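Letter by letter, the chains look like this.
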Amino acid sequence: MLFRSLAQLLHNELDLRSQRRPELRYGGAVESVTVRGVPELLLRALRNALDNAERHAINVVDASLRQVDDSAEVTVSNDGAAIAPGDRDRVFQPFVRLDESRSVDSGGTGLGLAIVADILRAHGGSAEFIDPPEGLSTTLCLRLPAAPRLNDWSPPTPNESHAELASPVDTSASAVE
């Protein structure tokens, strides 16, 4: 496994998609977050999530990345048909499509989100649909363990490290018994 900037993967993918689908408005805030994982699989999960959002969007696809505690959180939203709360878990099962508008003719086989969930589980993460922000109808939340930030690390102080080595050793007969 490699450490990979999830922000760079997401920026690159959004740039390509905005050129390929200029009729859709792409947006979202992207923080710098690094994760540990297989870059090709992480990219596949992002692409599948974005493909799903694009397929059902009317005008807007919003993809955001932020660090929440020890997790990287990617949210992918759109302004298309909402997923009923009762169906939110079911869509991660293979070959599940919710209605006629999600037909094979529109490009979906029902495997994309199952693949997303499997990739995230293999990386110690999760995928779930959450309540969308105002003005959007569907939000997929992808969570992965974030790699420690380099600026969060500092070397231990002399009092914190090897303090037991700095103290004198009691070699008296009573200590040996």
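Heads up: the structure comes first, above all this text.
Just so we're clear, the structure is a prediction, and the values are computed from it rather than from any experiment.

Draft legend 1. Just a nonpolar patch on the surface, in detail. Nonpolar side chains collect at one region of the surface, where Phe95, Leu111 and Ile115 lie side by side and expose about 270 Å² of accessible area between them. Considering the arrangement of structural elements, one finds Phe95 in the loop between strand E5 (71–78) and helix H3 (112–122). With a relative accessible area of 59%, Phe95 lands in the exposed category.

Draft legend 2. Broad picture of the packing of helix H1 (residues 6–20) against helix H2 (residues 39–56). Two elements in contact, H1 and H2, have axes separated by 10 Å at closest approach and are oriented at 40 degrees. On the basis of their axis angle, the class for H1 and H2 is oblique. Considering only the axes of H1 and H2, their crossing is right-handed. Here Leu6, Leu9, Leu10, Glu13, Leu14, Arg17 and Arg20 of H1 lie close against H2, whose contacting residues are Pro39, Leu42, Leu43, Leu46, Arg47, Leu50, Asp51 and Glu54. Partitioned by chemical class, the residues of the contact of H1 with H2 number nine nonpolar, no polar and six charged.

Draft legend 3. Region of interest: empty space enclosed by the protein. Throughout the structure, instances matching the rule amount to two cavities of 30 Å³ or more. The space that makes up the largest cavity amounts to roughly 50 Å³. Taken together, Leu6, Leu42, Ala45, Leu46, Val74, Leu120, Leu142 and Leu144 make up the lining of the largest cavity. Residue classes in the lining of the largest cavity are distributed as eight nonpolar, no polar and no charged. There is about 40 Å³ of room inside the second largest cavity. Lining the second largest cavity are Ala49, Asn52, Ala53, Val76, Asn78, Phe129, Thr138 and Leu140. Going through the elements one at a time, H2, E5 and strand E7 (138–145) are the ones with two or more residues in the lining of the second largest cavity.

Draft legend 4. Structural context of H2. With 18 residues, H2 extends 26 Å between its outermost C-alpha atoms, agreeing within 8% with the 26 Å of an ideal straight helix rising 1.5 Å per residue. For H2, the full list of buried residues reads Pro39, Leu42, Leu43, Ala45, Leu46, Asn48, Ala49, Leu50, Asn52, Ala53, Glu54 and His56.

Draft legend 5. Main features of the nonpolar core. Grouped together as the largest cluster of nonpolar side chains are 35 residues, with contacts concentrated most on Leu6, Leu65, Phe92, Leu140 and Leu142. Among the secondary structure elements, those contributing two or more residues to this core are H1, H2, strand E4 (60–68), E5, H3, strand E6 (126–130) and E7. Excluding residues that lie within four positions of it along the chain, Leu6 makes contacts with Val33, Val35, Leu46, Leu65, Ala72, Val74 and Leu144.

Draft legend 6. Spatial organisation of the side chain of Ser137. Relative to the helices and strands, Ser137 is located in the loop between E6 and E7. Ser137 gets classed as buried once you look at its relative accessible area, which sits at 18%. If sequence neighbours within four positions are ignored, Ser137 has contacts with Asn78, Asp79, Gly80, Ala81, Ala82 and Pro132.

Rules used in this analysis
- Residues numbered from 1 in each chain as written.
- Predicted model: local features only at pLDDT ≥ 70, side-chain atom pairs only at ≥ 80, totals over all residues.
- Heavy atoms only, no water.
- Patch = residues over 30% accessible without salt bridge, like charges linked within 9 Å, V, L, I, M, F, W, Y side chains within 5 Å.
- Areas by Shrake-Rupley, 256 points an atom, 1.4 Å probe, with all protein chains shown as cover.
- Salt bridge = Lys/Arg side-chain N within 4 Å of Asp/Glu carboxyl O.
- Helix = DSSP H or I, 4+ residues; strand = E, 2+ residues; numbered from the N terminus.
- Buried < 20%, exposed > 50% of the residue type's maximum accessible area, 1.4 Å probe, protein only.
- Axes fitted to C-alpha atoms, helices over the stretch in contact; angles between N-to-C directions.
- Parallel < 35°, antiparallel > 145°, perpendicular 65-115°, else oblique.
- Left-handed = near helix turned anticlockwise from the far one by under 90°.
- Contact = heavy atoms within 4.5 Å.
- Nonpolar A, V, L, I, M, F, W, Y, C, P; charged D, E, K, R; others polar.
- 1 Å grid on protein atoms, 1.4 Å probe; cavity = no way out; pocket = protein on both sides within 12 Å on 5 of 7 lines; lining within 4 Å.
- Points joined across faces, edges and corners; volume = space filled by probe spheres on them.
- Expected span 1.5 Å × (residues − 1).
- Core = buried A, V, L, I, M, F, W, Y, C linked by side-chain atoms within 4.5 Å.

So far we have only geometry, and geometry alone does not tell us how the molecule works.
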